[in-house]
Amino acid sequence: MAVIIEPFRIKSVEPLTFTTRSERKEILKEARNNLFLVDADKVLIDLLTDSGTAAMSSRQWAGIMNGDESYAGSKSFYRFKEVAERITGYRHIIPTHQGRAAEKIIFTILGGKGKSFVSNTFFDTTRANVEYSGAEALDFLTPEGKIPHLIAPFKGNMDTEALEAYILKRGAENIPMCVMTITNNSGGGQPVSLGNLRETAAICRKYGIRFFIDACRFAENAWFIKTREEGYKDKTVEEIAREIFALADGCTMSAKKDALVNIGGFLAMNDEALALAARNLLIITEGFPTYGGLAGRDLEAMAQGLEEVLEEDYLRYRIRSIEYMGEKLTAAGVPMILPTGGHAVYLDAKAFLPQIPPAELPGVALANALYIEGGIRGVEIGSLMFGKKDEQGNHVAPPMELVRLAIPRRVYTQSHIDYVCEMIIEVFRKRDQLRGYRITFETPLLRHFTAHLEAL
Ligand code: F0G
């Protein structure tokens, strides 16, 4: 097979800054050993997130100049609305400044004490928005999704049996919404099949529970359906996307991922009364319903990005580039979630550093080692992000200890990725020397963003 090349050429470049190993050691110490607290210009290859980090196309930049900045009824809103309606099929399209603003609105309306929300896996901000409303958030990930090395096509799926059993036990009247996250970010960027979406939708319909899609990476998920699920290879990605959205009652979207923009999001749904309540909250917190916390130019870029993300040359390159990284690392014996997902490589820190128990944050140890070794910034998704304490104050670890290396869209080339692989393999060679960390400062919600850590 011929090499799959980047389906674009580069028109504008941004220089990288290099630091030395001893500088990085000092920088990390000053940042209290928390990579979120390291300044971006001290990072060489920033794989902290694929969110809001995309390179926009020349057409998106042209859209920026065409943005209509009218407060009400802007032309750019209607262009965005037309594209979002075409892809999702939902009647009400409500722009927000990013995904969590859409979440905040929907969970404020539907949440509250005594309510439970269910999902294949809630992403951290989504879970936090549910919990902040006073409700609880429960995950029902397919058992396959919990085994890092198991090769299966749709490890992001919902465990529909467990979901239904829970609904019967809890009572559907206490469950205002079921959310399917595609692709399943916290579960490894793994896709959800249309078969599983259909089953979940049927369960929700049977019990009268609203079904929403957390659609941040819908196009990547649709590409996996096209290439992995029986019966979809001849459908276009757009047709598959429409089929996904048609199964649900609405969606929340962080446009910072699969709409290829640096800021933006939306909330969409069919329910008229819910949309009215959402628009009322939007006006208080985000802005008038035809701009929702964004500039008109952002709406133009988002509309254009939603069209570009469905181009198959782009998706083929995108998914292949993650797979390429996974293959290189696997050949060197580096443990990770397999198969690789849509937007990131998830290193398995538990298998990488078996000498460090979950309570001593193996994911942090690995992420920090990658920074010191090569100036690479990834993110821990493990005991720091999701760990809890039981009544005795003992550490309760989440099922997996991961380091996510998220690949920004259209930003890094193959040689950047080759460099990243070399650095990971170098750390893997020296893995016996790594030690854990302990937390010296934390906040009650989303502690990983601001925690201070001390090397053991
Ligand atoms: N849902 C999922 C699945 C996400 O991955 C994110 C963000 C959000 C919702 C919230 O969207 O950032 O626009 O408010 N994920 C980013 C990440 C932050 O790094 O994975 P947002």
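Since the structure is predicted, the reported quantities are computational estimates derived from the model, not experimental observations. (Residues numbered from 1 in each chain as written. Predicted model: local features only at pLDDT ≥ 70, side-chain atom pairs only at ≥ 80, totals over all residues. Heavy atoms only, no water.)

Turning our eyes to something else, we now look at the overall build of the chain. Looking only at helices and strands, the chain has 16 helices and 16 strands in total. A globule of 456 residues ought to have a C-alpha radius of gyration of about 23 Å, and the chain, at 21 Å, matches this closely. Here the C-alpha coordinates of the chain stretch approximately 60 × 55 × 45 Å along the principal axes. Out of the 456 residues belonging to the chain, those deemed buried represent 57%. Within the chain, counting contacts between residues at least 6 apart in sequence, those at least 24 apart form 72% of the total. Surface summary for the chain: the accessible area is close to 19100 Å², and the carbon and sulfur share equals 53%. (Helix = DSSP H or I, 4+ residues; strand = E, 2+ residues; numbered from the N terminus. Rg over C-alpha atoms; globule rule 2.2 N^0.38 Å. Buried < 20%, exposed > 50% of the residue type's maximum accessible area, 1.4 Å probe, protein only. Contact = heavy atoms within 4.5 Å. Areas by Shrake-Rupley, 256 points an atom, 1.4 Å probe, with all protein chains shown as cover.)

A few words on unusual backbone geometry. Of note, the amide linkage connecting isoleucine 182 to threonine 183 takes the cis form, showing an omega dihedral of -20 degrees. Tracing the backbone through its elements, the reader meets threonine 183 in the loop between β5 (177-181) and α7 (194-207). Note that the residue after leucine 338, namely proline 339, is joined by a cis bond; omega there is -10 degrees. Along the chain, the position of proline 339 falls in the loop between α12 (312-331) and β9 (344-348). For leucine 260, which is not glycine, the phi dihedral falls at a positive 55 degrees. Tracing the chain through its elements places leucine 260 in the loop between β7 (250-254) and β8 (265-269). Phi angles above zero are rare outside glycine, and arginine 410 is one such case at about 65 degrees. Note on placement: arginine 410 falls in the loop between β14 (402-406) and α16 (414-429). With relative accessibility at 14%, the residue arginine 410 sits in the buried group.

So, on to the domain arrangement of the chain. As assigned here, the chain comprises domain 1 (21-50 + 312-455) and domain 2 (58-308). A C-alpha centroid distance of 26 Å is found between domain 1 and domain 2. Taken together, the 30 residues of domain 1 in the interface contact 34 residues of domain 2. Across the domain 1/domain 2 interface, buried area totals approximately 2700 Å², and carbon plus sulfur atoms make up 61% of it. Inspection of the domain 1/domain 2 interface yields six salt bridges. The shortest N-O distance in the salt bridge between glutamate 308 and arginine 410 comes to 2.9 Å. Taken together, the connections running from domain 1 to domain 2 amount to 17 residue pairs in polar contact (both at pLDDT 80 or more). Elements represented by at least two residues in the side of domain 1 that touches domain 2 include exactly α12, β9, α15 (383-386) and β14. (Domains from an automatic or database assignment. Buried area = accessible area lost by both parts, 1.4 Å probe. Salt bridge = Lys/Arg side-chain N within 4 Å of Asp/Glu carboxyl O. Polar contact = N/O pair within 3.5 Å; in protein donor to acceptor, adjacent residues only side chain to side chain.)

Moving on, we come to the sheet that holds β5. Reading across the sheet, the seven strands line up as β2-β8-β7-β6-β5-β3-β4 and stay open at both edges, with mixed pairing between neighbours. On the outer flanks of this sheet lie β2 (92-96) and β4 (136-139), each paired with one strand and no other. Averaged over all adjacent pairs, the angle separating strand axes in this sheet is 20 degrees, with direction ignored. One ladder, built from three bridges, connects strand β3 (residues 116-119) with β5; its direction is parallel. In the strand pairing of β5, valine 118 is matched with cysteine 178. (Pairing = 2+ DSSP bridges. Axes fitted to C-alpha atoms, helices over the stretch in contact; angles between N-to-C directions.)

All right, on to the site of the ligand then. By nearness alone, 18 residues border the ligand, and Thr49, Asp214, Ser254, Lys257 and Arg404 come closest of all. In this structure, glutamine 98 approaches the ligand through a side-chain N or O atom, which is 2.9 Å from an oxygen atom. Within the side chain of serine 254, an N or O atom sits 2.6 Å from an oxygen atom of the ligand. When the ligand sits alone it has 470 Å² of accessible area, and the protein chains cover 94% of it. If you list the elements that add at least two residues to the shell around the ligand, you get α4 (99-110) and α5 (124-132). Looking at the shell around the ligand element by element, the count peaks at three residues for α4. (Near = heavy atom within 4 Å.)

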